[in-house]
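Letter by letter, the chains look like this.
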Amino acid sequence: MKSLGGLRRALESARPRNVSFHPSRAQLSFSAYRSFGNAARDQFYSTPRIRTGKAIKPISPPQHGLSQPMRAVMRQIPHPVVVITTLESTCNLAELGDSSDDRSPRPIPRAMTVSSFTSLSVDPVPRVTFNVTLPSLTHQALVRCGKFNAHILSGDDHGARVADLFTRGNRTPQEANGSDLGVLSGLEKLGVQVLGREKWLEEWKRATEYGLKAIATGKAGTATSDGTLPPPTTLPILQGQGIMHVFKCEYRHLEPPVDGDFDHHAIVIGEVMDLIPGDPKDESIALAYADRAYRQVGEKLLDRPVTGNTT
């Protein structure tokens, strides 16, 4: 486990530098990433593509000389597989004006599968972390919402099928046959329920009605400065086959140690606010991913004695 200060120092030390593995491609300094990274970042965060459902074609970073050999090594390392869910409110009261809330767009569930999930700390504050390749609809929704749920998956066929469902990008309600569950539609076929839908829709309805009345009466403080509603308080929770445990987290912003470090990838830190445990009798190991395939962890090799040393 790493402290926040240790994580920042690790980021500083991990910035790309000149390497000699492939001389023809090695002379690439960190400044090359920054030369056009800001434009990509500005385009990603300033374009209202979330509300239109149109994705921006990502700008690929320049290839480092060690990228291919590093990928080959990392494929041999098992990684935990976790599904992240959050909720995006696309309603803009300023655009609705004094219209009925029937025209107000409903919140859109967002979800993605990550294989970089790990604990950052347990004491004094429980935190988890993972990284995301940008641009990402789910990441942008997560940052704006300020909360997310992390679902630990079972190391079996059920867990693998749930994980694979969220590796194909997010879908708008129109792309999900009109379902307001968006990317979460279809989970029932895998024996998984989506909890919280009625509650987040009720919260959205109340907030929209109150916001429109407040605008009509000139009351301030209901929406943010750009007319959007406050972030939702209820997020999608997955329950059923393939779901072991759920961490309910609040997003904690991490500033990049050097401007441009997070142009193509972002590190997400979440403070664990609650835990929804699974079956206490289930002591199986969660789902893993290695060498382009979902995997079950194999046999136990060596028990470690329980000591007071937590390092």
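Described below are features of the structure shown in this document. Because the structure is predicted, anything quoted here is derived from the model rather than measured. (Residues numbered from 1 in each chain as written. Predicted model: local features only at pLDDT ≥ 70, side-chain atom pairs only at ≥ 80, totals over all residues. Heavy atoms only, no water.)

**As for the nonpolar core**
No. 1: If you look at the biggest cluster of nonpolar residues, it comprises 27 residues, and the most contacted ones within it are Leu153, Phe166, Leu184, Leu187 and Leu238.
No. 2: Elements with a contribution of two residues or more to this core: β2 (82–88), α8 (157–165), β7 (192–195), α9 (197–217), β8 (237–240) and β9 (243–252).
No. 3: The dominant element in this core, judged by the number of residues it contributes, is α8, at 4 residues.
No. 4: In this structure leucine 187 touches Leu165, Phe166, Val192, Val194 and Leu238, once residues within four positions along its chain are discounted.
No. 5: In this structure, Met112, Val114, Leu142 and Tyr251 belong to the second largest nonpolar core, which totals 16 residues. (Core = buried A, V, L, I, M, F, W, Y, C linked by side-chain atoms within 4.5 Å. Buried < 20%, exposed > 50% of the residue type's maximum accessible area, 1.4 Å probe, protein only. Helix = DSSP H or I, 4+ residues; strand = E, 2+ residues; numbered from the N terminus. Contact = heavy atoms within 4.5 Å.)

**A word on the sheet that holds β9**
Whenever strands of a sheet pair, they do so through backbone hydrogen bonds, lying parallel or antiparallel.
No. 1: Pairing in this open sheet of 7 strands is antiparallel, and the strands run β3-β2-β6-β9-β10-β5-β4 from one edge to the other. The sheet terminates laterally at β3 (108–114) and β4 (118–121), the two strands that pair on one side only. Taken pair by pair, the neighbouring strands of this sheet meet at an average axis angle of 35 degrees, ignoring direction.
No. 2: Relative to β9, strand β6 (residues 147–153) runs antiparallel, the two sharing 7 bridges. By the bridge assignment for β9, alanine 150 is matched with phenylalanine 247.
No. 3: Running over the sheet, α8 touches β2, β3, β6 and β9 and is turned about 145 degrees from β6. (Pairing = 2+ DSSP bridges. Axes fitted to C-alpha atoms, helices over the stretch in contact; angles between N-to-C directions.)

**Observations regarding the pairing of β4**
No. 1: Pairing between β4 and strand β5 (residues 127–133): 3 bridges, direction antiparallel. Along β5, the bridge assignment pairs threonine 118 with threonine 129.
No. 2: As consecutive antiparallel partners, β4 and β5 are separated by 5 residues.

Fair warning: the whole summary comes from geometry, so function is off the table for now.
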